[in-house]
Amino acid sequence: GQPLGVLDGIPIAVKDNFNTAGIETTCASNMLKGYISPYNATVVQKLLDQGAVLLGKTNLDEFAMGSGSTDGVFGPVRNPWSYSRQYKEKSVSKSRSEDEESNWVITGGSSGGSAAAVSSFTCFAALGSDTGGSTRNPAAHCGVVGLKPTYGLISRHGLIPLVNSMDVPGILTRCVDDAAVMLGSLAGHDPKDSTTIQENFKPFELPDLTDVSKLSIGIPKEYHAPGLSGEILALWSKAADLFKNAGAKVIDVSLPHTHYSIVCYHVLCTAEVASNMARFDGLEYGHRSDMNESTESMYAATRREGFNDVVRGRILSGNYFLLKQNYENYFIKAQKVRRLIANDFVKVFRSGVDILLTPTTLSDAVPYMEFIKEDNRTRSAQDDILTQAVNMAGLPAINVPTALSERGLPVGLQFIGRSFQEKQLLTVAKWFEKQVKFPMIQLEEVKRLDHGVFQHEKSASFS
Amino acid sequence: PKVTAEVLAHLEHLALVDFRDAEGVERLQKAIQFADQLQEVNTDGVEPMDSVLEDRCLYLREDNVTEGNCAKELLKNAREKVEEYFVAPPGNIPLPKLDEQQTSLQGS
């Protein structure tokens, strides 16, 4: 027979906020437990048409709200690196089993399940979604490549929406070349999603860049955010030097409104959420309460039973910002600030910079026990600072795993490119990936199978 | 500005989601406080941005039916239905006022 396509036979995992025909799609929420999608999201259909094998739906924060993948109804996702030799070696241990239970670290979120699936070798690639960093954040914590495409490049039809003006399907793979292959299968106009651009998309193979002297790399100073770990700061600096020493032009740039992206996101996100969650009323699909006294009381009870605190909190906040008396001062104001943030990027790219280089996260993955000490909104506000502005501006960005931290956990760096210039972005990312030689995760169970696979871990690593 | 009980009730009614307890109300207060930081930014002369694709033309196609006829598929996911109708409880009955609601909630 003939192969169905470039992805024929490749195992893939899909985040559970993408509709998959005949397969339960829950968004990790009680509201959609038992909901069997009647259709495939366009991206899922495209993968299946290429012959990809859907291994399963992955866990996430409920309705993709969160930065830890800890707030879904199926429980938190554990970072596979918690069980790696690299992490265990570095943790001060008393007894093995005690450690594993209390020391395991989060994956980051909200596409934590997808990142963990790729990171632990259960599939070759996974789909995530990215609204504020939800693909890049867990990619960084799990040591995998996380690509956020330009808004409008990949169809959102079938992706249960969080923020319609910022959501994009995200791609998680083990290497940059794989991300390019996935992108090739997924990008392109979809008549079912009017927010996809109409230009023809040509899938590409990444060239092996050897000469970076014509590149101009921008280092935005605002990304030296409060709370950025010394380790990551040093790694970021080393990466900049790497480019400089290879002949590229590396310059300091400024994106002055970066600081406001979290507040702006907070308002715009809650407002869109208030609207997007309105469809869940129990009548046509999803959970329905037994309360039967009136339509409104049934809706209210259904929504109380179906949504967790995070979702309900955002709906209420969103409705507040959309009240007539608040609309101008909050919603419209946030939209104006959004333009300022997007313009910051336009100015920088217009000044001759090709790619921006920034950290992806403030630190390596924290233990779950520590992460849950702060509430979801606080955590999201802290963790999204380095990734959110990119969604405001709709630009493409990618996390490339760079090195292991002192605790033996992955740290990644982020490259941000110009709109629709994924080829240039991925080419630079691939060059960088080749320079840093990020080590392979050493999971006890996997090691037994094939020694040959682990050859390259012996070569010098970046840190 | 502290959120009045009137606004809280109004929000619960609009959102059809309840604050559940004082913690929920506190969460809203904090959210508003957080959002107030936006006022620090000077946005004189700046137009609000709806979409990053604002400079492009929307794709429009011919107004012809290309798919549909899947009533059976769609009805599968509804809990209460009769023939091709989704069944809702009686409408036009306003939600009880906040204090009445508390007592009815305590019951469920």
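These numbers come from a predicted model, not from an experiment.

## Re the overall build of chain B
Now for step 1: Check the secondary structure of chain B and you find 4 helices and 2 strands.
Now for step 2: When the helices and strands of chain B are placed in sequence order, the string is α-α-α-β-β-α.
Now for step 3: Across the 108 residues of chain B, 27% fall into the buried class.

## A closer look at empty space enclosed by the protein
Residue and element names in this part refer to chain A.
Now for step 1: Using the criterion set out here, one finds 2 cavities of 30 Å³ or more in the structure.
Now for step 2: In this structure, the largest cavity spans a volume of roughly 80 Å³.
Now for step 3: Around the largest cavity sit 13 residues that line it, and A64, G66, S134, Y265 and D384 are the ones nearest its centre.
Now for step 4: Looking at the lining of the largest cavity, its residues break down into 4 nonpolar, 7 polar and 2 charged.
Now for step 5: Each pocket or cavity is described by its volume, and for the second largest cavity that value is around 30 Å³.

## As for the sheet that holds strand β9 (residues 397–404) of chain A
Residues and elements named next belong to chain A.
Now for step 1: Ordered by their spatial adjacency, 10 strands build an open sheet running β2-β1-β3-β5-β4-β9-β10-β8-β6-β7, and the pairing between neighbours is mixed. Two strands in the sheet have a free side with no partner beyond their single neighbour: β2 (53–58) and β7 (249–253). With strand direction ignored, the average angle separating the axes of adjacent strands in the sheet is 25°.
Now for step 2: The pairing of strand β8 (residues 355–359) with strand β10 (residues 410–416) spans 4 bridges and is classified as antiparallel.

## Notes on the nonpolar core
Residues and elements named next belong to chain A.
Now for step 1: Among the nonpolar cores identified, the biggest contains 129 residues, and F63, F243, Y320, F345, I398 and F415 are the most heavily contacted of them.
Now for step 2: Looking at this core, the element that brings in the most residues is helix α11 (residues 324–350), giving 11 residues.
Now for step 3: Those residues in contact with F243, other than ones at most four positions away along the chain, are V212, I217, A248, V250, L357, F415, V428, W431 and F432.
Now for step 4: Core analysis: the next-biggest nonpolar cluster, separate from the first, contains 10 residues, A13, A139, C142 and V144 among them.

## Re the packing of helix α6 (residues 176–186) of chain A against helix α15 (residues 422–436) of chain A
Residue and element names in this part refer to chain A.
Now for step 1: In the contact formed by α6 and α15, the axes pass within 9 Å of each other and the chain directions differ by 160°. Classified by the angle between their axes, α6 and α15 sit roughly antiparallel to one another. From α6, V176, D177, A180 and L183 reach across to α15, where they touch E422, L426, A429, K430 and E433.
Now for step 2: Split into classes, the residues belonging to the contact of α6 with α15 amount to 5 nonpolar, no polar and 4 charged.

## Regarding the interface of chain B and chain A
Many authors give the size of an interface as the accessible area that is lost as the parts come together.
Now for step 1: Between chain B and chain A, the contact holds 58 residues from the first and 70 residues from the second.
Now for step 2: Between chain B and chain A lies a buried interface of about 5,700 Å² when both sides are counted; carbon and sulfur atoms form 61% of it.
Now for step 3: Taken together, the connections running from chain B to chain A amount to 7 salt bridges.
Now for step 4: Here B:E54 ties to A:R339 by a salt bridge, and the two come within 2.8 Å at their closest N and O atoms.
Now for step 5: The interface formed by chain B and chain A holds 26 residue pairs in polar contact (both at pLDDT 80 or more) in total.
Now for step 6: Taken together, the residues that form the side of chain B that touches chain A break down as 33 nonpolar, 10 polar and 15 charged.

## A short note on α11(A)
For the α-helix, the turn length of 3.6 residues means that residues three or four positions removed from each other point alike.
Residue and element names in this part refer to chain A.
Now for step 1: The first and last C-alpha atoms of α11 sit 38 Å apart over 27 residues, in line with the 39 Å expected at 1.5 Å per residue.
Now for step 2: Considering bend angle alone, the principal kink of α11 is centred on K333 and spans about 30°.
Now for step 3: Taken from the residues just after α11, G352 is the one with a positive phi, measuring 110°.

## A short note on the environment of A:I23
Residue and element names in this part refer to chain A.
Now for step 1: Its place among the elements puts I23 in the loop between β1 (11–15) and α1 (42–49).
Now for step 2: Taking the C-alpha atoms as reference points, I23 and S37, separated by 14 residues in sequence, lie 6.2 Å from one another.
Now for step 3: Setting aside anything within four residues of it in sequence, one finds I23 in contact with Y35, I36, S37, L54 and K57.

## Observations concerning unusual backbone geometry
Now for step 1: A cis amide bond links A:G109 with the next residue in sequence, A:S110, at an omega value of 10°.
Now for step 2: Within the fold, A:S110 resides in the loop between α3 (96–103) and α4 (112–119).
Now for step 3: Within the chain, A:S69 stands out as a residue other than glycine whose phi angle is a positive 60°.
Now for step 4: Positionally, A:S69 belongs in the loop between β2 and α2 (85–90).
Now for step 5: Its relative accessible area of 0% is what places A:S69 among the buried residues.
Now for step 6: A positive phi angle, near 55°, is found at B:L16, a position not held by glycine.
Now for step 7: Looking at the element boundaries, B:L16 is found in the loop between α1 (5–15) and α2 (22–35).

## Topic: the pattern of salt bridges
Residue and element names in this part refer to chain A.
Now for step 1: Going through the model one piece at a time under the given rule, you end up with 21 salt bridges over all chains.
Now for step 2: Of the charged contacts, one joins R136 and D130 as a salt bridge, the two residues approaching to 2.9 Å between their closest N and O atoms. Per residue, the accessibility class of R136 equals that of D130, and both read buried.
Now for step 3: For K214, the salt bridge goes to D211, with nearest N and O atoms at 3.6 Å.

## What about the layout of surface pockets?
Residue and element names in this part refer to chain A.
Now for step 1: Its volume calculated, the largest pocket comes out at about 700 Å³.
Now for step 2: If you trace the largest pocket, you find 28 residues lining it, with N19, Y35, Y39, H157 and G158 closest to the centre.
Now for step 3: Tallying contributions element by element places α1 first for the lining of the largest pocket, with 3 residues.
Now for step 4: Looking at the lining of the largest pocket residue by residue, the classes come out as 12 nonpolar, 9 polar and 7 charged.

## What about the side chain of A:S119?
Now for step 1: Inspection of the secondary structure assignment puts A:S119 in helix α4.
Now for step 2: Setting aside its immediate chain neighbours within four residues, A:S119 contacts A:P80, A:W81, A:C142, A:V144 and A:I441.

## Here's the deal with the confidence of the model for chain B
Residues and elements named next belong to chain B.
Now for step 1: Summing up the model confidence of chain B, the mean pLDDT is 86 and the portion of residues at 70 or higher is 88%.
Now for step 2: Segment residues 99–108 is flagged for pLDDT under 50; beyond a separation of four residues in sequence, or across chains, it makes 6 contacts in the model.
Now for step 3: Confidence metrics for the complex model read pTM 0.92 and ipTM 0.89.

Rules used throughout
Residues numbered from 1 in each chain as written. Chains lettered and ligands numbered in written order. Predicted model: local features only at pLDDT ≥ 70, side-chain atom pairs only at ≥ 80, totals over all residues. Heavy atoms only, no water. Helix = DSSP H or I, 4+ residues; strand = E, 2+ residues; numbered from the N terminus. Buried < 20%, exposed > 50% of the residue type's maximum accessible area, 1.4 Å probe, protein only. 1 Å grid on protein atoms, 1.4 Å probe; cavity = no way out; pocket = protein on both sides within 12 Å on 5 of 7 lines; lining within 4 Å. Points joined across faces, edges and corners; volume = space filled by probe spheres on them. Nonpolar A, V, L, I, M, F, W, Y, C, P; charged D, E, K, R; others polar. Pairing = 2+ DSSP bridges. Axes fitted to C-alpha atoms, helices over the stretch in contact; angles between N-to-C directions. Core = buried A, V, L, I, M, F, W, Y, C linked by side-chain atoms within 4.5 Å. Contact = heavy atoms within 4.5 Å. Parallel < 35°, antiparallel > 145°, perpendicular 65-115°, else oblique. Buried area = accessible area lost by both parts, 1.4 Å probe. Salt bridge = Lys/Arg side-chain N within 4 Å of Asp/Glu carboxyl O. Polar contact = N/O pair within 3.5 Å; in protein donor to acceptor, adjacent residues only side chain to side chain. Expected span 1.5 Å × (residues − 1). Bend = angle between axes of the 7 residues up to and from the residue. pLDDT = per-residue confidence, 0-100.

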